[in-house]
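Notes for the structure review
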Amino acid sequence: MRSVTMRNIIVALLLVTCFSGCYSFKNASVSPDLNYFFVEDFRITARNAPATIDTDFEEALKTKIRNESRLVLDREKAQIRFNGAVSGYAVQALAPQPGETVALNRLQITVSISYEDLENDGKDWDESFIEYAEFSSDQLISDVEDELLITIFDQLTENIFNKAFGDW
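So, here is what we can say about the structure in this document.

Thresholds, definitions, all that
- Residues numbered from 1 in each chain as written.
- Predicted model: local features only at pLDDT ≥ 70, side-chain atom pairs only at ≥ 80, totals over all residues.
- Heavy atoms only, no water.
- Helix = DSSP H or I, 4+ residues; strand = E, 2+ residues; numbered from the N terminus.
- Buried < 20%, exposed > 50% of the residue type's maximum accessible area, 1.4 Å probe, protein only.
- Contact = heavy atoms within 4.5 Å.
- Areas by Shrake-Rupley, 256 points an atom, 1.4 Å probe, with all protein chains shown as cover.
- Salt bridge = Lys/Arg side-chain N within 4 Å of Asp/Glu carboxyl O.

1. Observations concerning the overall build of the chain
When helices and strands are tallied, the chain shows three helices and six strands. Order of helices (α) and strands (β) in the chain, N terminus to C terminus: α-β-β-α-β-β-β-β-α. Within the span of the chain, comprising 168 residues, buried residues form 35% of the whole. The long-range fraction of contacts in the chain, counting pairs at least 24 apart against all pairs at least 6 apart in sequence, stands at 68%. Carbon and sulfur atoms provide 52% of the accessible area of the chain, an area that totals close to 10200 Å².

2. Some details on the pattern of salt bridges
Scanning the model with the defined rule gives eight salt bridges in all. The residue Glu40 makes a salt bridge to Arg75 at a minimum N-O spacing of 3.6 Å. One end of the pair, Glu40, is in the loop between strand S1 (36-39) and strand S2 (43-44); the other, Arg75, is in the loop between strand S3 (72-73) and strand S4 (80-97), with 35 residues separating them in the sequence. Between Lys64 and Glu68 there is a salt bridge, with its nearest N and O atoms 2.9 Å apart. Within this pair, Lys64 and its partner Glu68 are both found in helix H2 (residues 53-68), separated by four residues, close to a single helical turn. Just as Lys64 is buried, Glu68 falls in that class too.

Shown next, in the form of structure tokens:
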């Protein structure tokens, strides 16, 4: 029994080490010279988008960077700046069925991002990121929108983070 317990402890330690290594791998791609970032106020240029989608996305991006890098949010000391707009917000009907109905709808969001690296010339970029989530046609967008936005924001912030800090 004692050897099983010891084996479990060793396996647990190996797993922790592995996951710690995976987590810190994301940090490894952030230049050691960079310590501060800032996310400027986002704008809404998309028609029919919810009134708070800009600030909600801005907060999601800040949270992603704070949680998955060692960078500190600081407007005055920022070495990296993000700004942009929620430039697309559309609900589309998918999967037509007999009788002029559809089985699925898709909420698609586009975010246009400008990345500015104030420490390294030539590292700036502008790009649009598009993600979506599908929902049943028997649901109203107003009933599922909050959940869909969380899913879409997770995908968008992951893609933006990887573009900004992933050198692979």
